[in-house]
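# Structure at a glance
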Amino acid sequence: MRWWDIDPVLELEKDLFPEDAWSRGMFWSELAHARGAEATRRYLVAEGEGRIVGYAGLTSSGDQADVQTIAVARDHQGTGLGGRLLAELLSAATAFECHEVLLECRVDNVRAQKLYERFGFEPIGFRRGYYQPGNVDALVMRLITNQATEEATEEKNHG
């Protein structure tokens, strides 16, 4: 994602998440940390039919990453695009050398929960009233990355 993608992303954001859409400033702030040697964010867009049809973002801190957002245009849902975006974010988490990836998902977004479960995410808790102003709870999910599993196995074998 680049700065010129923000306006079309905001249109999609407002359509998909009308109650708790991110602001222009939030996207600018995230993109400010997505470039250069000190980058801690990875944001991407998917284009189709001459427009942005999906976007996703991840932040990293130490050995932990957090999926910040994944969105797919309504007319592209069910096409596998969400899975492709998530796979790209998980690749970024590996590049950032993260051992676990966390995310929050609305408790009423069963479709997204099923996607995350297919990638190995497991529920670990709830954040009450996380999504405002609707006061909707978030399901917190975690994935221990292959890198962490491989390192633990290597340590066990050599330790």
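Note: the structure precedes this text.
Everything in this summary refers to the structure shown in the same document.

### Remarks on the sheet that holds strand 3 (residues 64-72)
Here we have six strands laid out as an open sheet, ordered 1-2-3-4-6-5, and mixed in their pairing. Single-partner strands in this sheet number two, and they are strand 1 (41-48) and strand 5 (122-131). Within this sheet the neighbouring strands show an average axis-to-axis angle of 25°, counted without direction. Alignment of strand 4 (residues 100-106) against strand 6 (residues 136-144), held across seven bridges, turns out to be antiparallel. Bridged to Arg-106 within strand 6 is Ala-138. Against the sheet, helix 4 (residues 110-118) engages strand 3, strand 4 and strand 6, with an angle of about 165° to strand 4.

### Focus on the nonpolar core
The biggest cluster of nonpolar side chains holds 41 residues, and the ones touching the most others in it are Val-101, Tyr-116 and Phe-121. A per-element tally of this core places helix 3 (residues 81-95) first, with seven residues. Excluding its chain neighbours within four sequence positions, the residues that come into contact with Val-101 are Leu-58, Ala-65, Val-67, Leu-90, Ala-93, Phe-121, Met-141, Arg-142, Leu-143 and Thr-145.

### Focus: the packing of helix 1 (residues 6-16) against helix 2 (residues 24-32)
A pair of packed helices is characterised by two quantities: the angle between their axes and the separation of those axes. Interaxial distance between helix 1 and helix 2 falls to 10 Å at its minimum, and their mutual angle equals 130°. When the interaxial angle is binned, helix 1 and helix 2 end up oblique. Crossing angle aside, the handedness with which helix 1 passes helix 2 is right-handed. Residues Ile-6, Asp-7, Val-9, Leu-10 and Glu-13 of helix 1 form the contact with helix 2, whose own contacting residues are Arg-24, Phe-27, Trp-28 and Leu-31. Grouping the constituent residues of the contact of helix 1 with helix 2 by class yields six nonpolar, no polar and three charged.

### Remarks on a nonpolar patch on the surface
Taken together, the side chains of Trp-3, Trp-4 and Trp-28 define a hydrophobic patch exposed on the protein surface, amounting to about 410 Å² of accessible area. Of the residues examined, Trp-28 reaches a relative accessible area of 43% and is grouped as partly exposed.

### Comments concerning helix 1
Residues that lie three or four places apart on an α-helix share one face, since the helix turns once every 3.6 residues. Buried within helix 1 are the following residues: Ile-6, Val-9, Leu-10, Leu-12, Glu-13 and Leu-16. Down the axis of helix 1, the sector holding all buried residues measures 165°, keeping them to one side. Among the exposed residues of helix 1, those pointing more than 90 degrees away from its buried face are Glu-11 and Lys-14. Where helix 1 is buried, its residues meet helix 2, strand 1, strand 2 (51-61) and strand 3.

### Details of the environment of Phe-96
Along the chain, Phe-96 turns up in the loop between helix 3 and strand 4. Along the sequence, Phe-96 and Glu-19 sit 77 residues apart, while their C-alpha atoms lie 32 Å from each other. In contact with Phe-96, not counting residues within four places along its chain, are Ala-39, Thr-40, Arg-41, Arg-42, Leu-58, Ser-60 and Gly-62.

What counts, and at which threshold
Residues numbered from 1 in each chain as written. Predicted model: local features only at pLDDT ≥ 70, side-chain atom pairs only at ≥ 80, totals over all residues. Heavy atoms only, no water. Pairing = 2+ DSSP bridges. Helix = DSSP H or I, 4+ residues; strand = E, 2+ residues; numbered from the N terminus. Axes fitted to C-alpha atoms, helices over the stretch in contact; angles between N-to-C directions. Contact = heavy atoms within 4.5 Å. Core = buried A, V, L, I, M, F, W, Y, C linked by side-chain atoms within 4.5 Å. Buried < 20%, exposed > 50% of the residue type's maximum accessible area, 1.4 Å probe, protein only. Parallel < 35°, antiparallel > 145°, perpendicular 65-115°, else oblique. Left-handed = near helix turned anticlockwise from the far one by under 90°. Nonpolar A, V, L, I, M, F, W, Y, C, P; charged D, E, K, R; others polar. Patch = residues over 30% accessible without salt bridge, like charges linked within 9 Å, V, L, I, M, F, W, Y side chains within 5 Å. Areas by Shrake-Rupley, 256 points an atom, 1.4 Å probe, with all protein chains shown as cover. Salt bridge = Lys/Arg side-chain N within 4 Å of Asp/Glu carboxyl O. Arc of directions from axis to C-beta.

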